[in-house]
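# Results of the structural survey
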Amino acid sequence: MIDGKKVLFSGMQATGNLTLGNYIGALKNWLTLADDYECFYSVVDMHSITVRQDPAELRSRARKLLTLYIAAGLDPKKNCIYYQSHVSGHAELSWILNCFTYMGELNRMTQFKDKSAKHADNINAGLYTYPVLMAADILLYQTDVVPVGKDQLQHLEITRDIAQRFNAIYGDVFTIPEPFIGKTGAKIMSLQDPTKKMSKSDENLNASIYLMDDKDTIIRKFKRAVTDSEGIIAYNDTQAGIHNLIDIYCACTNKTPDEVVKEFEGKGYGDFKLAVGESVADLLTPLQNKFFELEKDKAYIDGIIKENGEKANYYATKTIRKVQKKVGFPERIR
Ligand code: ATP
Ligand code: LTN
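Note that this is a predicted model, so its numbers are computed, not measured.

What follows covers the overall build of the protein chain. Per the secondary structure count, the protein chain includes 14 helices and five strands. Here the C-alpha atoms of the protein chain give a radius of gyration of 21 Å, agreeing with the 20 Å that 2.2 N^0.38 yields for 334 residues. Oriented by its inertia axes, the alpha-carbon framework of the protein chain measures out at about 75 × 45 × 40 Å. Expressed as a percentage of its 334 residues, the buried residues of the protein chain come to 52%. Sequence separation of at least 24 residues holds for 74% of the intrachain contacts in the protein chain that already meet a minimum separation of 6. If you sum the accessible surface of the protein chain, you get close to 16,200 Å²; carbon and sulfur atoms cover 51% of it. A distance of 4 Å separates the average location of the 43 positive side-chain charges in the protein chain from that of its 43 negative side-chain charges.

Following the sequence through the fold, Asn308 ends up in helix α14 (residues 298-327). If sequence neighbours within four positions are ignored, Asn308 has contacts with Pro76, Asn79, Cys80, Ile81 and Tyr82.

Side chains carrying opposite charge are able to pair once their charged atoms draw close together. Under the counting rule described, the total for this entry stands at 13 salt bridges. Between Lys77 and Glu307 there is a salt bridge whose closest N-O contact spans 3.6 Å. Taken together, the positions of Lys77 in the loop between α3 (55-71) and β3 (80-83) and Glu307 in helix α14 put the pair 230 residues apart, joining distant regions of the chain. Residue class for Lys77 comes out exposed when judged on its relative accessible area of 56%. Residue class for Glu307 comes out partly exposed when judged on its relative accessible area of 46%. In this structure, the salt-bridge partner of Glu293 is Lys290, at a minimum N-O distance of 4.0 Å. Linking Glu293 with Lys290, this pair stays in helix α13 (residues 269-296), spanning three residues, or about one helical turn. The network of salt bridges with common partners includes Arg63, Lys298 and Asp302.

Under the counting rule described, the total for this entry stands at zero disulfides. Here Cys39 stays unpaired: no disulfide links it, and the sulfur of Cys80, its closest cysteine neighbor, is 10.0 Å away. Given the relative accessible area of 0%, Cys80 is considered buried.

Our next topic: the site of ligand 1. Around ligand 1 there are 21 residues in total, and Gly149, Asp151, Ile188, Lys197 and Ser199 lie nearest to it. Here Gln13 contributes a backbone N or O atom positioned 3.5 Å from an oxygen atom of ligand 1. Contacts to ligand 1 include Lys115, whose side-chain N or O atom sits 2.9 Å from an oxygen atom. Isolated, ligand 1 exposes 600 Å² of accessible area, and the fraction of that covered by the protein chains is 95%. Broken down by element, the shell around ligand 1 gets its largest block of residues, four residues, from helix α1 (residues 20-33). Residues belonging to the shell around ligand 1 are distributed by class as follows: six nonpolar, 10 polar and five charged.

A few words now on the packing of helix α11 (residues 240-253) against α13. Remark: α11 packs on α13, axes separated minimally by 9 Å, with the N-to-C direction vectors making an angle of 40°. Where α11 crosses over α13, the two elements pack in a sense that is left-handed. Between α11, through Ile242, Leu245, Ile246, Ile248, Tyr249, Cys252 and Thr253, and α13, the contact on the second element is made entirely by Tyr269, Phe272, Lys273, Ala275, Val276, Ser279, Val280 and Leu283. Across the contact of α11 with α13, the residue classes tally to 12 nonpolar, two polar and one charged.

Quick notes on the rules
- Residues numbered from 1 in each chain as written.
- Chains lettered and ligands numbered in written order.
- Predicted model: local features only at pLDDT ≥ 70, side-chain atom pairs only at ≥ 80, totals over all residues.
- Heavy atoms only, no water.
- Helix = DSSP H or I, 4+ residues; strand = E, 2+ residues; numbered from the N terminus.
- Rg over C-alpha atoms; globule rule 2.2 N^0.38 Å.
- Buried < 20%, exposed > 50% of the residue type's maximum accessible area, 1.4 Å probe, protein only.
- Contact = heavy atoms within 4.5 Å.
- Areas by Shrake-Rupley, 256 points an atom, 1.4 Å probe, with all protein chains shown as cover.
- Lys, Arg positive; Asp, Glu negative; His and termini not counted.
- Charge placed at Lys NZ, Arg CZ, Asp CG, Glu CD.
- Salt bridge = Lys/Arg side-chain N within 4 Å of Asp/Glu carboxyl O.
- Disulfide = S-S within 2.5 Å.
- Near = heavy atom within 4 Å.
- Polar contact = N/O pair within 3.5 Å; in protein donor to acceptor, adjacent residues only side chain to side chain.
- Nonpolar A, V, L, I, M, F, W, Y, C, P; charged D, E, K, R; others polar.
- Axes fitted to C-alpha atoms, helices over the stretch in contact; angles between N-to-C directions.
- Left-handed = near helix turned anticlockwise from the far one by under 90°.

Dropping the structure here:
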């Protein structure tokens, strides 16, 4: 609790251009929850270097991501929007938690298996202990709730296990966090292969809608989206492509799948795809305009980075000192 409010923490990696999946699965929920919690939204740049990055590009992407959080509607005066690498507590706590995490647990992580298959030439220890750094992110702020997409549930589970293990030894040190998964759009699928999740690292540019895509590009990508030959707009598991388009449309218009099926009764896929494309463009255009405006105001963004970095450090240090004391590190002499 901070000032009587429960704490929310979430983050995204600055590894690529954000997709509609990131927006619907995560950012959109951040916006709806922001008023009810004391929120920390981090650009998790330390997680990004688990795969090789070009330094200049990482720096520029991290700044863009931070700006995008604000452009999407998160008020940086109320929400602590900051860079993970500016708060040393993340690394400090991560080390301690590494000593309370079993290799057997890390071996089971599906993201590690996927990423090591993808980057077979660089299966580094950071990629392996990625979930421990993520646990540190969350536990550092005594977080109550973590809004994420479904793919992150396994990481939330291990975070809870580590926290419970630590608390069982040292008493009530960490708040046990709960995941928050949105009702619709918890997993937005690729437009080219609706059995695969939409991902920023997909090489096929037509598979993902990027938050910075212009309207024509968005409409074109939806026109090309892979569907089926049923010819009926219905919400079921056998029509994965249409199911995904309905999820996207619902998330953009706040309609329910039933309402959407009724709205498009008797209509063809072409009409439906156009409507989905337009609803996405309507959602993204204001965000893009705000982003371009904010990007120009260097001093404003710099101010946010400094102020919020200090705020995050203040709360992080509180937890770090407590944890260091619990595990038996010598007291600092003042
Ligand atoms: P990468 O493809 O590079 O692994 P990613 O697109 O999965 O990246 P992350 O930075 O790992 O993106 O995820 C940021 C947030 O977006 C997480 O909360 C994640 O659960 C959510 N998310 C990512 N992809 C989707 C998706 N297709 N549908 C719903 N939520 C998603
Ligand atoms: N692993 C997450 C990003 C992430 C995160 C976090 C999300 C790092 N630390 C803490 C929520 C809370 C991902 O989205 N791939």
